[in-house]
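Now for the letters of each chain:
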Amino acid sequence: MTCPLGAGATPDADAPERAHTDFSRDLSYGDYLHLDELRAAHQPVTDAHDEHLFIAVHHVSEVWLSLIVRELQAAMKLLEAGITDAPLKMLTRVVRAQEQLTNAWEVLKTMTPADYLQFRHAFGQASGFQSQGYRMVEFLLGNRRPTMLRPHAHRPDLHSPLQDALHGPSVYDLTLKLLHARGLDVPAEVLDRDLTAKPTLNEAVLQAWLTVYRDPETYWDLYELAEKLLDVEDNFRRWRFNHLTTVERTIGFKPGSGGTSGVGYLRGALDTVLFPELWEVRTRL
Ligand code: HEM
């Protein structure tokens, strides 16, 4: 029989009959992925229908966040060694994972304030504010505030990697070191800056980026890296904005479960700028 899809796509109707089905000794799909543990982690504490959705979206988000942390750390290790090609691929993966994170709001938005109120009492003071994965992403990207370590003080296993990230260079610090290594002028005060603080716009760094953006052929990998970092920040902004809107439509202006003012706090975070010179370069070009 000729398959209309082409020779390589012959329908294989008997496949289920031939597939491997005895897993009494072999590793199965569920075993490999630890699906029992995954399902066991899904534990609503009320009978509210939407609590399942709420937990699922948080779980999925945390899995994407941990993938992002892994990719960022791997990319940073290579950038530190002066390598740019593999990090570009890793950052592309970060960008795609961020898109999945942002899409998750579409599912969560089907939950109304009334649905949410049926289980809100169940999780007390727990809040995404205490997400170690999220803080790790922020720290690696350079948005740092030492007080953000506090919710993890009772868990050395979560606290210690965050503390390391707080005192280590961000992906942007490493990128600026690379600029410097390529002969572009990045001042010592930037290279030796207080890593625990957020970066602020530096005129000399801006001039270095202008050199790159005016002559992309000469500095192609740095140019690509800059645009990739901008993609990451662009997506981060979208996530923050969608979170804010979802929060406002769900709890209005009530305070957050984590103890902040809620929408007011999240609105303030919209002003965060991770890579100031990469935005300003647009204006100056
Ligand atoms: C309807 C659902 C949600 C509501 C009402 C909500 C509400 C809030 C509020 C009010 C805050 C401010 C901190 C506080 O006082 O609690 C916050 C922070 C946060 N939430 Fe959500 N959230 C929701 C869903 C999610 C989901 C699905 C995630 C995914 C991981 C998430 C992650 C975060 C993170 C990471 C922060 C800290 C943001 C920062 O410090 O800049 N939230 N959330």
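Please read these numbers as outputs of a predicted model, since none were measured by experiment. (Residues numbered from 1 in each chain as written. Predicted model: local features only at pLDDT ≥ 70, side-chain atom pairs only at ≥ 80, totals over all residues.)

K.L.:
How should I be thinking about the site of the ligand in this particular structure?
P.N.:
Around the ligand, the structure places 24 residues, and the nearest of them are Ser127, Gly128, Gly256, Gly258 and Thr260. Looking at which element gives the most residues to the shell around the ligand, the answer is helix H12 (residues 220-251), with five residues. Of the residues that constitute the shell around the ligand, the class distribution is 10 nonpolar, 14 polar and no charged. (Near = placed C-beta within 6 Å. Helix = DSSP H or I, 4+ residues; strand = E, 2+ residues; numbered from the N terminus. Nonpolar A, V, L, I, M, F, W, Y, C, P; charged D, E, K, R; others polar.)

K.L.:
Where do I start with helix H9 (residues 171-181) in this structure?
P.N.:
Each full turn of the α-helix corresponds to 3.6 residues, which orients residues three or four apart in the same direction. Buried residues of H9: Val171, Tyr172, Leu174, Thr175, Leu176, Leu178 and Leu179, and no others. At its buried positions, H9 is contacted by helix H4 (49-80), helix H7 (132-141), helix H10 (188-191), helix H11 (203-214) and H12. (Buried ≥ 20, exposed ≤ 12 C-beta atoms within 10 Å, placed from the backbone. Contact = placed C-beta atoms within 7 Å.)

K.L.:
Any chance you could explain the UniProt feature "binding site: heme" (unreviewed entry) in the protein chain here in plain terms?
P.N.:
Per the UniProt record, "binding site: heme" (unreviewed entry) is annotated on His243. Structurally, histidine 243 is set in helix H12. For histidine 243, a count of 20 C-beta atoms within 10 Å corresponds to the buried category. Residues contacting histidine 243, with those up to four places away along its chain left out, are Trp105 and Leu266. (UniProt positions renumbered as here; feature names shortened; annotations may be inferred.)

K.L.:
Where do I start with the packing of H4 against helix H5 (residues 85-108) in this structure?
P.N.:
Working note: a packed helix pair is described by the angle between its axes plus the distance between those axes. Following both chains from N to C, one finds H4 and H5 inclined at 165 degrees, their axes separated by 9 Å at the closest point. As summarised for this structure, H4 and H5 are arranged roughly antiparallel, according to the angle between their axes. For the pair H4 and H5, the sense of crossing is left-handed. Split into classes, the residues belonging to the contact of H4 with H5 amount to 21 nonpolar, two polar and two charged. (Axes fitted to C-alpha atoms, helices over the stretch in contact; angles between N-to-C directions. Parallel < 35°, antiparallel > 145°, perpendicular 65-115°, else oblique. Left-handed = near helix turned anticlockwise from the far one by under 90°.)

K.L.:
I keep staring at the packing of H4 against H7 and nothing clicks. Help me out?
P.N.:
Interaxial distance between H4 and H7 falls to 9 Å at its minimum, and their mutual angle equals 30 degrees. Our classification of the angle between H4 and H7 gives roughly parallel. As for how H4 packs across H7, the hand of that crossing is left-handed. Contacts between H4 and H7 involve Glu62, Leu65, Ser66, Ile68, Val69, Leu72, Gln73 and Met76 from the first element and Gly133, Tyr134, Met136, Val137 and Leu140 from the second. A per-class count over the contact of H4 with H7 returns nine nonpolar, three polar and one charged.

K.L.:
Quick question: what am I supposed to make of the environment of isoleucine 55 here?
P.N.:
Assignment of secondary structure puts isoleucine 55 in helix H4. The exposure class of isoleucine 55 is partly exposed, given the 17 C-beta atoms found within 10 Å. Separated by 104 residues in sequence, isoleucine 55 and histidine 159 have C-alpha atoms that sit 23 Å apart. The contact partners of isoleucine 55, leaving out residues within four places of it in the chain, are His42 and Pro44.

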